[in-house]
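Structural overview for review
Residues per chain, in single letters:
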Amino acid sequence: MKALSRRKFFSFSLGAAAVAPFSLKQVAFAAQAVPTPESLNAHTYVESIDDAIQFQNTMMDAYATGSTVRLVQSYADQSGLESTAFTYDNAVSIDAYLLNGTADSLSRAEVLGQGLIYAQANNFPFNDGRFAQAYFVNQPTSDGAYITPAAYPFYFYTSAVGDQAWAGMALSHLYRRTGNAAYLTAALNVANWIVTNTYNTLGPGGYSFGTNINQFNQSVPSGNGKSTEHNIDTYAFFTMLDKLTNHGSASNGMAWSALAAHALSFVLAMYNAIDGYFFTGTNSDQISINYYPVPEDCQTWSYLAMLNNHYKQTIDWALTHLQTTDTATAPHSSLTGSESFTGMVFDSASLNTTAFDPNAVWLEGTAHTIAALLARTAAGGENVHARKLDFDQALRFVNTCEKAQKELGAGQTVNGRAIRLGVGLVAATSVMDTGFGYTYGPTKHIGATGWYIITAQGGNPFQLRNQR
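This is a predicted model, so every value here is computed, not measured.

1. Comments concerning the sheet that holds strand E2 (residues 134–136)
The strand order across the open sheet built from three strands is E1-E2-E3, with neighbouring strands paired in antiparallel fashion. The two strands at the open ends of the sheet, each matched to only one other strand, are strand E1 (84–86) and strand E3 (148–149). Across two bridges, the pairing between E2 and E3 is antiparallel. Bridge assignment links Tyr-135 to a residue of E3, and that residue is Pro-149. With respect to the sheet, helix H4 (residues 87–100) is in contact with E1 and E2, its orientation differing from that of E1 by roughly 65°.

2. Description of the pairing of strand E11 (residues 323–327)
By the alternation rule, side chains of E11 split into Thr-324 and Asp-326, which are all buried, and Gln-323, Thr-325 and Thr-327, of which none is buried. Judged from the five bridges that link them, E11 and strand E12 (residues 340–344) form a sheet pairing that is antiparallel. If you follow Thr-324 over to E12, its bridge partner there is Gly-343.

3. So, the packing of aromatic side chains
Tallying each qualifying case throughout the model produces 29 aromatic pairs. Centre to centre, the rings of Tyr-88 and Trp-301 are 6.2 Å apart; their planes meet at 35°, and the pair counts as tilted. One end of the pair, Tyr-88, is in helix H4; the other, Trp-301, is in helix H10 (residues 296–306), and 213 residues separate them in sequence. For the pair shown, Tyr-88 and Trp-301 are each scored as buried. Where Trp-301 meets Phe-462, the ring centres are 5.4 Å apart and the plane angle is 55°; that geometry is what we call tilted. With a gap of 161 residues between them, Trp-301 in helix H10 and Phe-462 in the segment after helix H14 (446–456) connect regions that are remote in the sequence. Members of the aromatic cluster, each reached through a chain of ring pairs, are Tyr-75, Phe-86, Phe-136, Phe-154 and Phe-156. Geometry around Phe-341 places Lys-403 over its ring, the cationic atom sitting 4.0 Å from the centre.

4. Some thoughts on helix H7 (residues 181–198)
For H7, which comprises 18 residues, the first-to-last C-alpha distance of 26 Å matches the rise-based estimate of 26 Å (1.5 Å per residue) to within 8%. For H7, the set of buried residues is Tyr-183, Leu-184, Ala-186, Ala-187, Val-190, Ala-191, Asn-192, Trp-193, Ile-194, Val-195 and Thr-198. At its buried positions, H7 is contacted by helix H5 (103–121), strand E4 (159–160), helix H6 (161–178), strand E5 (210–213), helix H8 (228–244) and helix H9 (256–269). One side-chain oxygen of the residue at the start of H7 lies 2.9 Å from the amide nitrogen of Ala-182, identifying that residue as Asn-180.

5. A few points about the pattern of salt bridges
Applying the stated criterion to the full structure yields 13 salt bridges. Note that Asp-104 and Arg-108 form a salt bridge whose closest N and O atoms lie 3.0 Å from each other. Remark: Arg-108 and Asp-104 occur in helix H5; sequence separation between them is four residues, near one turn of the helix. A salt bridge links Arg-130 to Asp-128; the shortest N-O distance between them is 2.8 Å.

6. Points about the packing of H8 against H9
Where H8 meets H9, the closest approach of the two axes is 8 Å, and the angle between their N-to-C directions is 160°. As far as their axial angle goes, H9 and H8 are roughly antiparallel. For the pair H8 and H9, the crossing hand works out as left-handed. Where H8 approaches H9, its residues Thr-228, Asn-231, Ile-232, Thr-234, Tyr-235, Phe-238, Thr-239, Leu-241 and Asp-242 are matched on the opposing element by Trp-256, Ser-257, Leu-259, Ala-260, Ala-263, Leu-264, Phe-266 and Val-267. Tallied by class, residues from the contact of H8 with H9 come to 11 nonpolar, five polar and one charged.

7. Remarks on unusual backbone geometry
Residue Phe-124 is joined to Pro-125 through a cis peptide bond whose omega torsion reads -5°. With an omega of 0°, the peptide bond running from Tyr-292 to Pro-293 counts as cis. Residue Glu-82 is not a glycine yet carries a positive backbone phi of 55°. Structurally, the position occupied by Glu-82 is in the loop between helix H3 (42–60) and E1. A positive phi angle, near 60°, is found at Asn-217, a position not held by glycine. Take Asn-217: it is sitting in the loop between E5 and strand E6 (219–221). What makes Asn-217 partly exposed here is its relative accessible area of 34%.

8. Describing the environment of Tyr-438
Following the sequence through the fold, Tyr-438 ends up in the loop between strand E15 (432–433) and strand E16 (439–440). Distance in space between the C-alpha atoms of Tyr-438 and Ala-379 is 35 Å, their sequence separation being 59 residues. Ignoring any residue separated from it by four or fewer positions in sequence, one finds Tyr-438 in contact with Phe-346, Met-432 and Asp-433.

9. Description of the sheet that holds E5
In any sheet, the strands associate via hydrogen bonds between backbone groups, in a parallel or an antiparallel arrangement. Spatially, E4-E5-E6 is the arrangement adopted by the three strands of the open sheet, whose pairing is antiparallel. Bordering the open sheet on either side are E4 and E6, each of which pairs with just one other strand. Pairing geometry for E4 and E5, over two bridges, is antiparallel. When the bridges of E5 are listed, Ala-160 appears paired with Gly-210.

10. What about the packing of H10 against helix H12 (residues 363–378)?
Axis angle and axis distance: for two packed helices, these are the angle between their axes and the distance between the axes, and together they describe the pair. Two elements in contact, H10 and H12, have axes whose closest approach is 9 Å; the angle formed by their N-to-C orientations is 30°. What the angle tells us is that H10 and H12 run roughly parallel. Here H10 runs over H12; the crossing is left-handed. Of H12, the residues touching H10 (which contributes Glu-296, Asp-297, Thr-300, Trp-301, Tyr-303 and Leu-304) are Glu-364, Gly-365, His-368, Thr-369, Ala-371, Ala-372, Ala-375 and Arg-376. Here the contact of H10 with H12 is built from residues that sort into six nonpolar, four polar and four charged.

Here is what the cut-offs are and how they apply
- Residues numbered from 1 in each chain as written.
- Predicted model: local features only at pLDDT ≥ 70, side-chain atom pairs only at ≥ 80, totals over all residues.
- Heavy atoms only, no water.
- Pairing = 2+ DSSP bridges.
- Helix = DSSP H or I, 4+ residues; strand = E, 2+ residues; numbered from the N terminus.
- Contact = heavy atoms within 4.5 Å.
- Axes fitted to C-alpha atoms, helices over the stretch in contact; angles between N-to-C directions.
- Buried < 20%, exposed > 50% of the residue type's maximum accessible area, 1.4 Å probe, protein only.
- Phe/Tyr/Trp six-rings, centres within 6.5 Å; stacked < 30°, edge-to-face > 60°.
- Lys NZ or Arg CZ within 6 Å of the ring centre and 35° of its normal.
- Expected span 1.5 Å × (residues − 1).
- Polar contact = N/O pair within 3.5 Å; in protein donor to acceptor, adjacent residues only side chain to side chain.
- Salt bridge = Lys/Arg side-chain N within 4 Å of Asp/Glu carboxyl O.
- Parallel < 35°, antiparallel > 145°, perpendicular 65-115°, else oblique.
- Left-handed = near helix turned anticlockwise from the far one by under 90°.
- Nonpolar A, V, L, I, M, F, W, Y, C, P; charged D, E, K, R; others polar.

Put into structure tokens, the structure is as follows:
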């Protein structure tokens, strides 16, 4: 772990908050001298983040080590997803490593960045700048990279816009940090793919869902409606490219700033001004609004991307309507005894399920909310009392993540080798229904763990950071 300043850091310092999001790790150190609003054991917390990094390392080294080009298996073996490495999860891991800032973490971020470049250049069945939803990482190709098509039994060949944008943001962060032009080239390749294949003028505009690969290995437009979350991601990504290219343009001649604004206009069209939250997007006609379910990430990621206090109440809406407590008494709960965890669910459908635990806590979404709360304390426009309330809530959720890290996921493995209890976070405290045809469960997950690490560093993946 890199050395951190042990200067006094007041728990909701208005001076610091007016400049940039602060790191909870810094607050943990400061807690040794200055009381925090909510109990945070400094030694335990810093160890928790170091353990989370060790989990990322364990997952990354499950099949290959050192500088071997590869991606990371997303879940422990017990998920049933074999060695699947989701593109989004690996983008989150890259950002977590970059924020951790040690020489080893930077090296690992670059290995994963090279993994994204390899996946893009060798993507099956099209290597036109897109990424697949996921890849297998348990065996090498003929040139030694541990990245192969995620074929039978999953066929994760879909290229959703959100996944493309997240890969692009990770590559943009790597370019900003290292100056290696190969990362910017790869980011521009996927950005141009998004523009060419998903720019949409129907209804509120924005970018469509993406593409599928049919049984004839042909690329066909997805039949899904446009996603608010995907357009949030695309807005942030294209805004980064506008800065990195000095206000440059896509291959079609449109400025990245204009292309970012096209995504933002869709996002704002999805805003429910009466109740203060963002709808999930459109129906398959690309025009009419899809009112249900309402996801957590649209509320917190919109704030992280825009940092606009005109929409800050979306965080409060999420806290009011998507917060729950999972206990062993909840229907279909995976918990036992007196275990209890309070945090966020995936969306409003998660709370209404009868087939799964309606109180299951989504730990990744809980970390999203921590990041949004910390960003809101830093963006200005709030009084001291409001900032203190945000910080108190963030620390309560930090304690949830730390407790889950210690207690959940015993006996799990990666490539058949044991993962130590107390390092990685499981995706959800019990099996949770997302309302979109898939579930999350109590399996250790690099996405949830990566977001926890990002939060600890005061990170915001949607904003381009200065070089260190």
